Structure formats: structure tokens, C-alpha cells
Amino acid sequence: MLPVRLFFTKKGMVRYISHLDLSRAMTRALVRTGLNIGYTEGYNPHVKLVFAQPLSIFQESDYEVADFRIDNDEIGFDEVAERLRATLPKGIGVIRAAAPVMKIGDCAFARYSVELGIRLADSEIAEKLSGSMVVNKRTKSGEKETDISDMIASASVSGEVIDAVVCAAPDRCLNPAYIAEYFGVAPGAAKITRKGLYNADMRLFE
């Protein structure tokens with residue numbers, strides 16, 4: 001089967017849907033394309049669909065990545081992209097489809113724009129970003145006070161908007177909503193947009 005890597009955006013009202021809902025929407029769209037999509041085996045087969053990094057609810061993205069397979073080597077990637085453009089719901093935009101370059105597990109960092117929506121000078125924001133940043137981080141075992149500063153690879157500020165590169169590896173991942181939370185912004189109130197995904201060498205994930 002032919003591996004396909006889909007690059008897409010998530011904008012507007014679809015920021016209110018969860019990652020699970022996004023997966024369902026993508027699965028339905030793939031089925032409606034008429035392509036021979038790869039399925040899992042067993043009693044309850046489902047479309048083989050893998051995302052490079054889940055996107056949290058309330059967040060938008062300029063650069064999302066999902067992998068699937070099709071059983072037709074004669075169909076080009078451009079046609080795959082066009083069929084998905086016709087079947088995906090409003091708010092999910094197809095950038096392109098291509099052959100995977102990196103392994104899905106190579107995703108290590110993500111870059112975000114975090115618009116706090118609070119009245120603070122850029123210098124004040126930058127100062128708060130330069131030290132420890134302790135928040136109540138939610139885990140499967142409950143909440144725990146955690147210093148998230150060591151999971152922020154870089155951060156700059158312009159016009160009260162933080163441009164941050166954070167850890168996005170499967171075993172070490174920071175939701176940028178915690179950055180907004182550290183500044184006292186209510187959940188969902190900050191405008192957070194994922195701008196890109198990168199490997200460990202900070203090469204754009206492709």
C-alpha cells in the first residue's frame with residue numbers, strides 16, 4: 001500500500017472540536033473520497049490513521065500532519081489532496097499530500113503563537129518567561145505542581161504575543177495552554193495557533 005502524509009490546517013469553529021472528533025471527521029472524509037483506504041485487521045477494522053501530534057481543543061493550527069495508506073499506486077498525491085478538499089468539513093484545509101519523509105515518531109518540537117489578550121508590556125512578559133514557570137499540570141494521576149520552563153526550547157514576545165517552541169515528543173510534550181495559564185489567562189481565552197512541527201534538529205517535520 002502507498003503511504004500518504006497529509007498536511008492540513010485547522011481553523012475557525014473547528015477549534016472547538018476535540019482531537020477524537022477531528023480523527024472521526026478525517027476518517028469519514030477519507031471514506032467519502034472513494035479511495036481504497038488501508039484498514040486495520042481483526043473483528044473491528046478501522047481506518048489506519050495516525051497524527052503526528054494531537055492538537056488540544058480551543059487551539060488552531062497552520063500545520064497539522066496525518067498519515068494513512070491507500071491501495072492504489074496509480075493515484076497521485078495531488079489527486080488525493082483534491083479529493084480530501086472536497087470531502088473535509090469547513091475549517092479543515094488541505095495544504096498538500098506527499099510521501100512521508102520523516103518517521104512519525106521523529107516529531108520533537110512544536111512552534112506556537114500564544115496571544116494572551118492581557119495588558120502587559122512585552123518586557124514584563126519576557127521577564128516572566130525567563131525564570132521558573134510553575135503551574136498545576138494535569139496528569140492521569142491528578143494535578144501536580146510542575147515547572148514547565150524546561151519544556152520551552154525558546155520564546156520571544158512581540159505585541160503581547162508569545163512565539164514559543166515547546167517539546168512535542170510522545171514522551172515529553174507541553175500543551176501551550178499551560179503558558180497562558182501561567183499568566184493567569186482562563187482556559188480557552190488565549191488565542192493559540194500551532195505554526196509548525198519539527199524534528200529534534202529543528203527541521204520542519206515532513
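Small disclaimer: the values here were computed from a predicted structure and weren't measured.

Caption draft 1: Representation of the overall build of the protein chain within the structure. Broken down by element type, the protein chain carries four helices and eleven strands. For the protein chain, buried positions account for 41% of its 206 residues. Of the contacts made within the protein chain by residues no fewer than 6 positions apart, 73% connect residues no fewer than 24 positions apart. Here the protein chain displays about 11000 Å² of accessible surface, and carbon together with sulfur accounts for 49% of that area.

Caption draft 2: Just the packing of aromatic side chains, in detail. As enumerated under the stated definition, the model contains four aromatic pairs in all. When the centroid spacing of 5.7 Å and the interplanar angle of 45 degrees are considered together, the rings of F7 and Y63 count as tilted. Residue F7 is located in strand 1 (residues 2–10), and its partner Y63 is located in strand 3 (residues 59–70); the two are separated by 56 residues in the primary sequence. Here F7 and Y63 have matching classes, each one buried.

Caption draft 3: Looking closely at the environment of E181. Counting through the fold element by element, E181 comes out in helix 4 (residues 177–182). Assessed through its relative accessible area of 26%, E181 is described here as partly exposed. In this structure the C-alpha to C-alpha distance between E181 and E143, which are 38 residues apart in sequence, comes to 14 Å. E181 has contacts with V135, N136 and R138, leaving out every residue within four places of it along the chain.

Caption draft 4: Just the nonpolar core, in detail. Ranked by size, the top nonpolar core spans 39 residues in total, and within it L116, I148, I162, I179, F183 and L197 carry the most contacts. Those elements that place two or more of their residues in this core are strand 3, strand 5 (109–115), helix 3 (122–130), strand 9 (161–169), helix 4 and strand 11 (191–198). Sorting elements by how many residues they give to this core places strand 9 first, with six residues. If we ignore the near neighbours within four places in the chain, the residues touching I179 are L129, M133, I148, I152, I162, A164 and V166. By size, the runner-up hydrophobic cluster in this structure holds 25 residues, among which are V4, L6, A66 and L84.

Caption draft 5: Geometry of the side chain of N199. Looking at the element boundaries, N199 is found in the segment after strand 11. Residue N199 is classed as buried on the basis of its relative accessible area, which comes to 9%. A polar contact of 3.0 Å, which involves the side chain of N199, links it to the backbone nitrogen of D201. Excluding residues that lie within four positions of it along the chain, N199 makes contacts with M102, D106, A108 and F109.

Calculation notes
Residues numbered from 1 in each chain as written. Predicted model: local features only at pLDDT ≥ 70, side-chain atom pairs only at ≥ 80, totals over all residues. Heavy atoms only, no water. Helix = DSSP H or I, 4+ residues; strand = E, 2+ residues; numbered from the N terminus. Buried < 20%, exposed > 50% of the residue type's maximum accessible area, 1.4 Å probe, protein only. Contact = heavy atoms within 4.5 Å. Areas by Shrake-Rupley, 256 points an atom, 1.4 Å probe, with all protein chains shown as cover. Phe/Tyr/Trp six-rings, centres within 6.5 Å; stacked < 30°, edge-to-face > 60°. Core = buried A, V, L, I, M, F, W, Y, C linked by side-chain atoms within 4.5 Å. Polar contact = N/O pair within 3.5 Å; in protein donor to acceptor, adjacent residues only side chain to side chain.

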